[in-house]
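Structural features, examined
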Amino acid sequence: MNKLIGNFIQSNARVLDLGCGDGSLLAFLKKNNQVKGLGLEIDHQKIQKCLQKDVSVIDQDIDSGLSNFQDQSFDAVIMSQSIQALRKPEVALEEIIRIGKEAIISIPNFANWRCRLQLIFGGTMPVSSALPHDWYSTPNIHLCSLKDFEKLCIDHGADILDRQLLSFDGEEQSFMKVAPNLLTEIALYRVKARN
Amino acid sequence: MSNDSLGRVETKSFIHKDSFSLKSGKTLQGFEMVYQTYGELNEAKDNAILICHALSGNHLVAGLSEDDKKGWWDDMVGPNKAFDTNKYFIVGSNNLGGCHGSTGPNSINPENNIAYGSSFPMVTVGDWVKSQDLLRTHLGLPYWYAVVGGSLGGMQALQWSIDYPDLVKKIVVIAAAAKLSAQNIAFNEIARQAILADPNYNSEDKLPKTGLGLARMLGHITYLSDDAMREKFGRDMKKGEVNFSYDVEFEVESYLRYQGESFSNRFDAHTYLLMTKVLDYFDPAESHDGNLAKTLKSVTAKTLLIAFSSDWRFSPERSRELANAFIEAEKDISFLEIDSPHGHDAFLMPSETYDSAIETFLEKNE
């Protein structure tokens, strides 16, 4: 997955990773794309790991807003599988494309066939490798499908420049093109603000 | 946490003989600066860290002083501590205008051979940084690997990164702000008035201890959080019941009076006045029409900002403003807000998150 994201990033770009976790992605991009990276994270243990990796990180909750970032001040803003965990994904999307000249957003696909089967035949909320939590303890409060996310982009002023269809471990799977919304486990989008 | 202590540490003195011009336009005919060092300077001379003290601090950062008192940051500076003296050569100096050995209001004015007292010239954070740079040269250090400080000390670290971008690799700015708020200046003004209104202020043979004690009592309240005071004192009474008098009745009164009194015995009122002014005047963005991001453009140091959740003297929001200016200036910035019930004083106390953030940040990555 890091490599796929790296393909979307110019070298020496200024990159903001929203929900950067332990800083692995930014460390990877720093090494391979020579980016100037900044991460946002609220988990102090993960912040610690960022500092260990020499990744710059700000202790800030995305849900409390991103108004402290200037318009178009980053070449790329990354949000890796966390938009579904935000209180207001639509506001976050608008902010992301305001701050970044481009945005790279990945989502777990809730309309994947496994999820559908679990719900139809199991009668329970789907649990999978991409979505490993029980319904009551999941941080994922705004799950969506590829179709849902693409509609969000259209409705909130984002143009989709690229889309990659992946398995939960971040591998590209060409067979998913047959029926993306049914087969994809994780989708990776490159978007930007509509002119 | 380690119990390793540095033991008794010797205080050294740096004497600058040339005249030293201050931002106020005044000049000092040379100065003395006392300092201590901990740990060893390595051969490459790339492990020196300057620790800047806050309002009431001094150069006794770690180890034991001559009267066996622990340094003000001894919990965090020493072998295997957050600032590990096995790895770093750490320098703590007493700021000009101080009252613990460096040239200040208690020093003799060479022009008239009497102590400066209230005539000691106003100094600024910029003046301090300039004097610390002379100490750096005196110690033969090519640059500081890091400059660190909490509160007013953090402001010096910030000023270092702005004034001498080539001479500092990393800064850690803790529980500080890019400038004081009106509320902060207001607290300082009351502290000053308490001292200035003391009938012993500027008297020939008496010290304004009551005023200084009052100033400290006020300051002390702003260093603690509401919760910390509730936890520590609640409404506990000294004698268990009210006696309808103005004597000490509540524990918190007793505590504050004790703090005020002991402080007034070890600190100088002129220095206190001076330090509050240094705080009030601090505003590095002034040089760029108030634009902090522009002011920070020249900074090359990697920066770590730390704030504490219950600090209301220099609240986390002030640190976030500073962090945002660093982000806007496209600088290498990390910011951490640590949960602590201890208010502003939290910067003096070790905790797991706090210690390891500093330790990790100081680690050499190149």
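Residues numbered from 1 in each chain as written. Chains lettered and ligands numbered in written order. Predicted model: local features only at pLDDT ≥ 70, side-chain atom pairs only at ≥ 80, totals over all residues.

Below, the discussion takes up the overall build of chain B. Counting its regular elements, chain B contains 10 helices and 14 strands. Here chain B has a C-alpha radius of gyration of 20 Å; the compact-globule value for 366 residues is 21 Å, and the two agree. For chain B, the C-alpha atoms occupy an extent of roughly 65 × 50 × 45 Å along the three principal directions. Expressed as a percentage of contacts within chain B between residues at least 6 apart in sequence, the contacts between residues at least 24 apart total 69%. (Helix = DSSP H or I, 4+ residues; strand = E, 2+ residues; numbered from the N terminus. Rg over C-alpha atoms; globule rule 2.2 N^0.38 Å. Contact = placed C-beta atoms within 7 Å.)

Another aspect to go through is the overall build of chain A. When its secondary structure is counted, chain A shows seven helices and seven strands. Moving toward the C terminus, one meets the helices and strands of chain A in the order α-β-α-β-α-β-β-α-β-α-α-β-α-β. For a compact globule of 195 residues, the expected C-alpha radius of gyration is about 16 Å, and chain A comes in at 16 Å, within 12% of that figure. Considering only C-alpha atoms, chain A reaches an extent of 45 × 40 × 30 Å along its principal axes. Sorting the 195 residues of chain A into buried and exposed places 44% on the buried side. (Buried ≥ 20, exposed ≤ 12 C-beta atoms within 10 Å, placed from the backbone.)

In this section: the pairing of strand E13 (residues 302-308) of chain B. Residues and elements named next belong to chain B. Within E13, seven of the seven residues are buried, which leaves the element mostly enclosed by the surrounding structure. Both faces of E13 are covered, namely the face carrying Lys302, Leu304, Ile306 and Phe308 and the face carrying Thr303, Leu305 and Ala307. Bridging between strand E12 (residues 168-174) and E13 involves five bridges; their strand directions are parallel. Across the sheet, Val173 pairs through a bridge with Leu305, a residue of E13. (Pairing = 2+ DSSP bridges.)

With that settled, consider the pairing of strand E14 (residues 333-338) of chain B. Residues and elements named next belong to chain B. Where burial is concerned, most of E14 is hidden: six out of the six residues are buried. Here E14 shows a buried face lined by Ile333, Phe335 and Glu337 and a second buried face lined by Ser334, Leu336 and Ile338. Where E13 meets E14, six bridges bridge the pair, whose relative direction is parallel. Across the sheet, residue Thr303 finds its bridge partner in E14, namely Ile333. As for the winding sense of the linkage, the β-α-β connection from E13 through helix H9 (residues 316-328) to E14 is right-handed. (Right-handed = clockwise from strand over helix to strand, strands pointing away.)

Moving on to the confidence of the model for chain B. Note that predicted coordinates carrying low pLDDT should not be read in detail. In the predicted model, chain B carries a mean pLDDT of 95, and the fraction of residues at 70 or more is 99%. The ipTM value of the predicted complex is 0.93, and its pTM value is 0.95. (pLDDT = per-residue confidence, 0-100.)

A few words on the nonpolar core. Core analysis: the biggest nonpolar cluster contains 156 residues, and Val77 of chain A together with Ile49, Val147, Ile171, Val172 and Ile306 of chain B have the highest contact counts within it. With seven residues, helix H7 (residues 269-281) of chain B is the largest single contributor of residues to this core. Residue-level mapping places this core at the junction of two domains, with at least three residues from each of domain 1 (12-179 + 285-362) and domain 2 (184-276) of chain B. The residues touching Val77 of chain A, leaving out its near neighbours within four places in the chain, are Leu16, Leu18, Ile96, Ile99, Gly100 and Ala103 of chain A. (Core = buried A, V, L, I, M, F, W, Y, C linked by C-beta atoms within 7 Å. Domains from an automatic or database assignment.)

What follows covers the interface of chain A and chain B. With 15 residues of chain A in contact, the opposing surface of chain B contributes 17 residues. Elements represented by at least two residues in the side of chain A that touches chain B include exactly helix H3 (44-52) and strand E3 (57-59) of chain A. A per-element tally of the side of chain A that touches chain B places H3 of chain A first, with five residues.

Residue and element names in this part refer to chain B. As assigned here, chain B comprises domain 1 (12-179 + 285-362) and domain 2 (184-276). Taking only C-alpha atoms into account, the centre of domain 1 sits 26 Å from that of domain 2. Each side of the interface is counted separately: domain 1 has 21 residues, and domain 2 has 14 residues. Per-class residue counts for the side of domain 1 that touches domain 2 are eight nonpolar, 11 polar and two charged. (Nonpolar A, V, L, I, M, F, W, Y, C, P; charged D, E, K, R; others polar.)

All names here are of chain B. The end-to-end C-alpha distance of H7, which contains 13 residues, comes to 19 Å, matching closely the 18 Å that a straight helix rising 1.5 Å per residue would cover. Within H7, 10 of the 13 residues are buried, which leaves it mostly tucked inside the rest of the structure. Regarding H7, the residues found buried are Ala269, His270, Thr271, Tyr272, Leu273, Leu274, Met275, Thr276, Val278 and Leu279. (Expected span 1.5 Å × (residues − 1).)

So, about unusual backbone geometry. All names here are of chain B. With phi around 60 degrees, Asp68 is a residue other than glycine that occupies positive phi space. Assignment of secondary structure puts Asp68 in the loop between strand E5 (48-52) and strand E6 (77-78). Judged by the 7 C-beta atoms lying within 10 Å of it, Asp68 falls in the exposed class. Its identity as a non-glycine residue notwithstanding, Asn202 has a phi of 65 degrees, on the positive side.

This part takes up the packing of helix H4 (residues 209-223) of chain B against helix H6 (residues 251-266) of chain B. Residue and element names in this part refer to chain B. Look at H4 against H6: their axes get within 8 Å of each other, and the N-to-C directions meet at 130 degrees. Classed by the angle they form, the pair H4 and H6 counts as oblique. H6 is crossed by H4, and the crossing has right-handed handedness. The residues of H6 that touch H4, namely those facing Lys209, Leu212, Gly213, Leu214, Arg216, Met217 and His220, are Leu256, Gln259, Gly260, Glu261, Phe263 and Ser264. Taken together, the residues of the contact of H4 with H6 sort by class into five nonpolar, five polar and three charged. (Axes fitted to C-alpha atoms, helices over the stretch in contact; angles between N-to-C directions. Parallel < 35°, antiparallel > 145°, perpendicular 65-115°, else oblique. Left-handed = near helix turned anticlockwise from the far one by under 90°.)

Here the focus is the packing of H3 of chain A against helix H10 (residues 352-362) of chain B. Two elements in contact, H3 of chain A and H10 of chain B, have axes separated by 8 Å at closest approach and are oriented at 15 degrees. In this view, H3 of chain A runs roughly parallel relative to H10 of chain B, as classed from their interaxial angle. Two packed elements cross with a definite hand, and for H3 of chain A against H10 of chain B that hand is left-handed. For the pair H3 of chain A and H10 of chain B, contact is made by His44, Gln48, Leu51 and Gln52 of chain A and by Thr353, Ser356, Ala357, Thr360 and Phe361 of chain B, respectively.

What follows concerns H3 of chain A. Of all the positions in H3 of chain A, only Ile47, Gln48, Lys49, Cys50 and Leu51 of chain A are classed as buried. On the buried face of H3 of chain A, the contacting elements are strand E2 (36-41) and E3 of chain A together with E14 and H10 of chain B. The first or second residue beyond H3 of chain A is Asp54 of chain A, which carries a positive phi of 65 degrees.

Moving on, we get to the environment of Ala111 of chain A. All names here are of chain A. Residue placement: Ala111 occurs in the loop between strand E5 (100-108) and helix H5 (113-122). Given 17 C-beta atoms within 10 Å, Ala111 falls into the partly exposed group. Sequence spacing of Ala111 and Asp148 is 37 residues, and the spatial spacing of their C-alpha atoms is 9.5 Å.

Attention shifts here to the environment of Tyr164 of chain B. Residue and element names in this part refer to chain B. With respect to the helices, strands and loops of the structure, Tyr164 is situated in the loop between helix H2 (152-163) and E12. Among the residues examined, Tyr164 registers 20 C-beta atoms within 10 Å and is labelled buried. The sequence separation of Tyr164 and Asp280 amounts to 116 residues, and the corresponding C-alpha distance is 22 Å.

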